[in-house]
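Now for the letters of each chain:
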Amino acid sequence: MNKNNLATRDACAALDAADPLAPLRDQFDLPPGVIYLDGNSLGALPKATADRVQDVVRREWGRDLIQSWNTAGWIDAPQRIGDKIARLVGAAPGEVIAADSTSVNLYKVLSVALAAVRARDGADSRRRVIVSERDNFPTDLYIAESLARQHGFTLRLVETDAIAAQLTGPAADELAVLLLTHVHYRTGRMHPMAELTAAAHAAGALVVWDLAHSAGAVPVDLNGCGADFAIGCGYKYLNGGPGAPAFLWCHARHLAQAVWQPLAGWMGHAAPFAFTPAYQPAAGVKAFLCGTPSPIGLAALECGVDTVLAAEAHGGMAAVRAKSLAMTALFRQLVETRCAGHGLTLHTPVDPAERGSQVSLHREEGAYAIVQALIARGVVGDYRAPGILRFGFTPLTLRFVEVWDAVEHLRQVLDSGEWREGRFHQRAAVT
Ligand SMILES: Cc1ncc(COP(=O)(O)O)c(C=O)c1O
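In this text, all values refer to a predicted model and were calculated from it rather than measured experimentally.

### What about the sheet that holds strand E8 (residues 246–250)?
Across the sheet, which stays open at both edges, the 7 strands sit in the order E2-E8-E7-E6-E5-E3-E4 with mixed pairing between neighbours. The open sheet has two edge strands with one neighbour each: strand E2 (96–99) and strand E4 (154–158). Ignoring strand direction, the axes of neighbouring strands in this sheet form an average angle of 20°. Here E2 pairs with E8 via 4 bridges, running antiparallel. Within E8, the residue paired with Ala99 across the bridge is Ala246. Taken strand by strand, helix H4 (residues 77–89) contacts E2 and E8, and its axis lies near 120° from that of E2.

### A look at a nonpolar patch on the surface
On the surface, Trp61, Leu65, Ile66 and Ile296 cluster together into a nonpolar patch covering about 430 Å² of accessible area. Among the structural elements, Ile296 can be located in helix H10 (residues 295–309).

### Description of empty space enclosed by the protein
Under the counting rule described, the total for this entry stands at 2 cavities of 30 Å³ or more. For the largest cavity, the lining is made up of 13 residues, of which Tyr237, Asn239, Thr394, Pro395 and Leu396 are closest to its centre. Two domains share the lining of the largest cavity, each providing at least three of its residues, namely domain 1 (3–30 + 316–425) and domain 2 (51–309). Listed by contribution, the elements that provide at least two residues to the lining of the second largest cavity are helix H2 (47–63), H4 and H10. Ranked by residues supplied to the lining of the second largest cavity, first place goes to H10 with 4 residues. Of the residues in the lining of the second largest cavity, the class split is 8 nonpolar, 1 polar and 4 charged.

### A look at the sheet that holds strand E12 (residues 382–384)
Strand order across the open sheet formed by 4 strands is E9-E10-E13-E12, with antiparallel pairing between neighbours. Two strands lie at the open edges of the sheet, namely strand E9 (345–346) and E12, each paired on one side alone. Sheet strands in contact with helix H12 (residues 367–376) are E12 and strand E13 (388–392), and its direction is about 40° off that of E13.

### Some thoughts on the site of the ligand
Thr102, Ser103, Asp210, His213 and Lys236 are the nearest of the 13 residues found near the ligand. At 2.8 Å from an oxygen atom of the ligand is found a side-chain nitrogen or oxygen belonging to His213. Within the contact set of the ligand, an oxygen atom lies 2.7 Å away from a side-chain nitrogen or oxygen of Lys236.

### Here's the deal with the layout of surface pockets
Roughly 510 Å³ of internal volume is contained in the largest pocket. For the largest pocket, the lining is made up of 32 residues, of which Ser41, Phe137, Lys236, Arg384 and Arg390 are closest to its centre. Elements represented by at least two residues in the lining of the largest pocket include exactly helix H5 (102–121), helix H6 (138–151), H12 and E12. When residues of the lining of the largest pocket are assigned to their parent elements, the largest contribution, 3 residues, is made by H12. Class assignment of the residues belonging to the lining of the largest pocket gives a composition of 12 nonpolar, 11 polar and 9 charged. No fewer than three residues from each of domain 1 (3–30 + 316–425) and domain 2 (51–309) sit in the lining of the largest pocket.

Basis of the calculations
- Residues numbered from 1 in each chain as written.
- Predicted model: local features only at pLDDT ≥ 70, side-chain atom pairs only at ≥ 80, totals over all residues.
- Heavy atoms only, no water.
- Pairing = 2+ DSSP bridges.
- Helix = DSSP H or I, 4+ residues; strand = E, 2+ residues; numbered from the N terminus.
- Axes fitted to C-alpha atoms, helices over the stretch in contact; angles between N-to-C directions.
- Contact = heavy atoms within 4.5 Å.
- Patch = residues over 30% accessible without salt bridge, like charges linked within 9 Å, V, L, I, M, F, W, Y side chains within 5 Å.
- Areas by Shrake-Rupley, 256 points an atom, 1.4 Å probe, with all protein chains shown as cover.
- Salt bridge = Lys/Arg side-chain N within 4 Å of Asp/Glu carboxyl O.
- 1 Å grid on protein atoms, 1.4 Å probe; cavity = no way out; pocket = protein on both sides within 12 Å on 5 of 7 lines; lining within 4 Å.
- Points joined across faces, edges and corners; volume = space filled by probe spheres on them.
- Domains from an automatic or database assignment.
- Nonpolar A, V, L, I, M, F, W, Y, C, P; charged D, E, K, R; others polar.
- Near = heavy atom within 4 Å.
- Polar contact = N/O pair within 3.5 Å; in protein donor to acceptor, adjacent residues only side chain to side chain.

Right, here's the structure in full:
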């Protein structure tokens with residue numbers, strides 16, 4: 001975008017007119033007048049979802065009853081949808097399943113990673129450390145701490161700029177597993193996945209990536225960079241709906257070991273309906289299933305994943321990434337020029353190589369209330385403590401003029417001081 005015409009809404013309208021992804025917005029039901037900048041937290045509702053879920057409930061469940069496990073493909077849905085998600089994260093068919101929550105999936109893969117290192121290096125090995133980022137998403141840290149306690153490992157939390165030193169420095173031979181979230185939930189900072197994976201492997205460690213803020217948002221090439229395990233959310237950029245099933249990826253070299261995962265349940269058994277007392281893991285990623293999947297939740301997730309796969313006919317994830325970077329850069333530049341002097345600082349890297357699909361701003365005072373004042377105007381972002389106004393950019397639904405309008409609302413909220421009104425300061429349970 002030309003800096004001279006940056007400030008004009010007309011220039012943004014011209015970008016929309018030339019946008020190859022513009023037709024994809026029609027896949028969604030967005031309320032009129034709302035500028036939705038929270039698709040990084042809960043993706044928008046696809047138009048197909050309500051009918052599809054209704055069909056699952058009324059026809060597949062209500063009319064066809066239990067036959068639908070076979071006739072409607074309910075039993076294969078975790079793998080079928082996993083194969084679709086695989087296309088978005090550089091995985092092969094048969095390597096991804098959709099199931100459970102991100103937290104539960106992390107428990108499974110991290111546990112398997114620790115067992116794999118122990119089996120390779122022996123129980124007396126010095127490799128007893130899981131390294132993660134101090135500011136990683138808390139559920140990842142809680143799960144890692146829990147597993148470290150159970151299995152005699154230590155969770156070592158380091159600052160972002162100290163991660164590389166853990167992989168090459170004197171502590172590298174203690175490293176069992178590197179656990180990182182690819183795009184940081186609060187700052188939007190993106191780690192160099194290929195580089196860090198290679199460095200961790202050179203140190204003799206395995207790598208687990210949390211793709212909660214990456215899948216459907218940025219190009220990911222899990223097999224290309226040879227990572228070991230990955231997990232991610234279905235309800236964010238994959239538009240699967242609130243509490244949608246999450247996903248799990250395991251590299252084929254680990255699948256081949258026919259690993260026992262810690263939540264060995266009957267759906268991960270090679271023959272669940274043989275009802276044998278002895279557990280025999282299924283071949284492939286299916287062994288990571290545990291209990292009965294929810295056909296309703298999976299149907300909604302499939303609709304959401306299909307909205308992202310629809311981008312394949314419009315330039316694919318490369319086009320999604322190009323639009324996302326253009327939008328996040330536009331938002332940042334507009335905030336810097338039009339909201340100057342209001343105490344906002346940028347919390348997201350300016351370098352496109354280090355930026356996911358969100359922009360986070362920090363303000364010492366009133367960040368929560370400013371977000372609420374924006375929501376009252378129909379500009380929906382969210383707040384993350386401490387002091388972060390978080391805005392997600394979903395190229396499938398957003399228009400450039402909406403980016404311009406969102407910043408104009410932010411300017412007005414700050415100029416007028418309307419965020420000081422008491423009603424914007426009442427804290428809800430979910431921020
Ligand atoms: C990076 C990251 N990991 C994990 C989660 C939690 O996922 P779940 O609630 O599916 O366990 C979130 C939720 O926002 C997240 O942002």
